[in-house]
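A closer look at the structure
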Amino acid sequence: MTIYSDASQFAATNYDVLVVGAGYSGAVFARRYAELKPEARIAIIEKRAQIAGNAHDFIDDAGVMVHLFGPHIFHTHMKEVYDFLSQFTKWLPYEHRVLANIHGTLVPVPFNKTSLEISFGKEKSELLYQELVEEFGEETKVPISKLRASDNENLQEVADYIYENIFLHYTMKQWDKKPEEIDGAVTARVPIHISEDDRYFQDVYQGMPKEGYTKMFEKMLTHPKIDVFLKTELASIAELSDNTFIVQGSPFKGLVIYSGPVDELFSSDMGALPYRSIDMRFEQLDMKSFQEAATVNYTTTEDFTRITEFKKMTGQEDLDKTTILKEYPQAYVPGSDIDPYYPISNPENQALYEKYAKRANMITNLYVLGRLGQYRYYDMDDTTKAALDLAEELAK
Ligand code: UDP
């Protein structure tokens, strides 16, 4: 494999498969397909100057491994996904733990038994915890929307407290909407834990790639039949005409795997699909440790949603300096240098997505993947699974 720094060496006639995007969808698909179809010659084009999509990481001037597009913590219950990625990396055992800063007081998030005790005091919290257990059972996870629907007065008080101090302001910052105005599945990603479990994720497989995500992607893409072309926009080499991709002037007969925003395939001519974005602001600090946990969520104050201190999750605690990231949510502006990060799930956007997906379906050699292509709030493991499944299906 070769990674070319631009499109100048790209010739469509050299390839049977054109993959758009070198993030999880594109890279996983390419690698799995190359293994299953040894004769296929695969080109990945990537508009950015680097691989690994939003999982891209690198070592910064302070010596800290940072995630350019925000903290990525790998977790999955799918052995197949874990085994596939483990071919390309060793893992640093890591379990993510998050604290919420509630007007200066730190409590575990997901909100759990310990958070209850810190917020309500020992005596009262014991009573409340018993009532939570009676209503929902112990060792269970309860979405905030479900807790708010409880008709137990004491639990309503707990629900109001958590809603106000964990969800309302963070969600307003992140989505510019109240929790009840967004898809309930989004806040349900961080349910209340009726237990002492303070891990952000409960999956059996959790960890950080030992040398980082970018290295893992480099290994994944190191295959004799895969070439990568950086700084290459699809529109600079191809156009759609009568449901056919014309690549460098000729119809492209091979497979096209696309992991960009699905509406952009059609110049967003039925309207742009909305996304949320984040302005990532890094600070390198001359101190050994900045905060008590890898991530602290600012759930009641500040304009940023959270601060991540990377060395606490990359096994670099011994470094003398530290790097932190503050995430400032912002609107996505198509065509600007602001990247789309999160699809905004609601019935209207879903309907628009379906219309684009239907058109994409009419193009017989096109397959659309990923957070942007499928307009879904995918985690890394879901994206990997979808790409593996598609490669296996198409290789049959
Ligand atoms: N959320 C919140 N307060 C928190 C953590 C999460 O309100 O302290 C809500 C918020 O709406 C957020 C969603 O839960 O967008 C999902 O959180 P998650 O940590 O999964 O978001 P991600 O890491 O994917 O940005």
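Look a little higher up for the structure.
About the criteria used
Residues numbered from 1 in each chain as written. Predicted model: local features only at pLDDT ≥ 70, side-chain atom pairs only at ≥ 80, totals over all residues. Heavy atoms only, no water. Helix = DSSP H or I, 4+ residues; strand = E, 2+ residues; numbered from the N terminus. Rg over C-alpha atoms; globule rule 2.2 N^0.38 Å. Buried < 20%, exposed > 50% of the residue type's maximum accessible area, 1.4 Å probe, protein only. Contact = heavy atoms within 4.5 Å. Areas by Shrake-Rupley, 256 points an atom, 1.4 Å probe, with all protein chains shown as cover. Pairing = 2+ DSSP bridges. Near = heavy atom within 4 Å. Polar contact = N/O pair within 3.5 Å; in protein donor to acceptor, adjacent residues only side chain to side chain. Nonpolar A, V, L, I, M, F, W, Y, C, P; charged D, E, K, R; others polar. Phe/Tyr/Trp six-rings, centres within 6.5 Å; stacked < 30°, edge-to-face > 60°. Salt bridge = Lys/Arg side-chain N within 4 Å of Asp/Glu carboxyl O.

**A short note on the overall build of the protein chain**
When its secondary structure is counted, the protein chain shows 12 helices and 23 strands. Relative to the globule expectation of 21 Å for 396 residues, the C-alpha radius of gyration of the protein chain, 23 Å, shows essentially globular dimensions. For the protein chain, the spread of C-alpha atoms along the principal axes amounts to about 75 × 50 × 40 Å. Expressed as a percentage of the 396 residues in the protein chain, the buried residues total 55%. Contacts in the protein chain between residues far apart in sequence, at least 24 positions, make up 73% of those at least 6 positions apart. By element, 48% of the accessible surface of the protein chain is carried by carbon and sulfur atoms, the whole surface being about 17,900 Å².

**Description of the sheet that holds strand β14 (residues 238–241)**
The strand order β14-β15-β16 describes an open sheet built from three strands, whose pairing is antiparallel. Each end of this open sheet is capped by a strand with a single partner; those strands are β14 and β16 (250–251). Here strand β15 (residues 244–247) runs beside β16; their pairing, made up of two bridges, is antiparallel. Among the inter-strand pairings, V247 is bridged to a residue of β16, identified as S250.

**Regarding the environment of Y200**
Looking at the secondary structure, you find Y200 in the loop between β11 (192–194) and β12 (205–209). Taking the relative accessible area as the measure of exposure, Y200 reaches 18% and is therefore buried. Taking the C-alpha atoms as reference points, Y200 and P71, separated by 129 residues in sequence, lie 13 Å from one another. Ignoring sequence-local partners within four residues, the contact set of Y200 consists of H96, V98, V109, P110, V190 and N297.

**Some points on the site of the ligand**
Neighbouring residues of the ligand: 17 residues in total, closest W175, R189, Y200, Y342 and Y377. Contacts to the ligand include R189, whose side-chain N or O atom sits 2.8 Å from an oxygen atom. Y342 has a polar side-chain atom sitting 2.5 Å from an oxygen atom of the ligand. Relative to its unbound accessible surface of 520 Å², the ligand loses 94% to contact with the protein. Mapped by element, the contributors of at least two residues to the shell around the ligand are α6 (153–175) and α7 (184–187). Examining the composition of the shell around the ligand, we find that six residues originate from one element, α6, more than from any other. Among the residues forming the shell around the ligand, the class breakdown is 10 nonpolar, five polar and two charged.

**Concerning the packing of aromatic side chains**
All chains considered together, the criterion is met by 24 aromatic pairs. An angle of 10° between the planes, with centres 4.7 Å apart, marks the rings of Y4 and F229 as stacked. Of this pair, Y4 sits in strand β1 (residues 2–4) while F229 sits in strand β13 (residues 226–229); the two residues are 225 residues apart in sequence, bridging distant segments of the chain. The interplanar angle of 90° and the centroid separation of 5.2 Å between the aromatic rings of Y200 and F201 together place this pair among those described as edge-to-face.

**Focus: unusual backbone geometry**
In this structure, the amide linkage connecting V109 to the following residue, P110, adopts the cis form with an omega of 0°. Not every positive phi belongs to a glycine, and K231 is a case in point at roughly 45°. Structurally, K231 is set in the loop between β13 and α9 (234–237).

**Describing the side chain of N297**
Here N297 lies in strand β19 (residues 295–298). Accessibility expressed as a relative area gives 5% for N297, which makes it buried. Not counting the four nearest positions on each side in its chain, N297 is found in contact with V98, L99, A100, N101, V109, Y170, Y200, T305 and R306.

**A short note on the pattern of salt bridges**
For the structure on display, the rule yields 25 salt bridges. We note a salt bridge from R32 to E392, for which the minimum N-O separation is 2.8 Å. Placement of R32 in helix α1 (residues 24–36) and of E392 in helix α12 (residues 380–395) is noted, with a sequence separation of 360 residues between them. A relative accessible area of 28% places E392 in the partly exposed class. With a closest N to O distance of 2.8 Å, D269 and R359 form a salt bridge. Of this pair, D269 sits in the loop between β17 (255–258) and β18 (275–285) while R359 sits in helix α10 (residues 347–361), and the two are 90 residues apart along the sequence.

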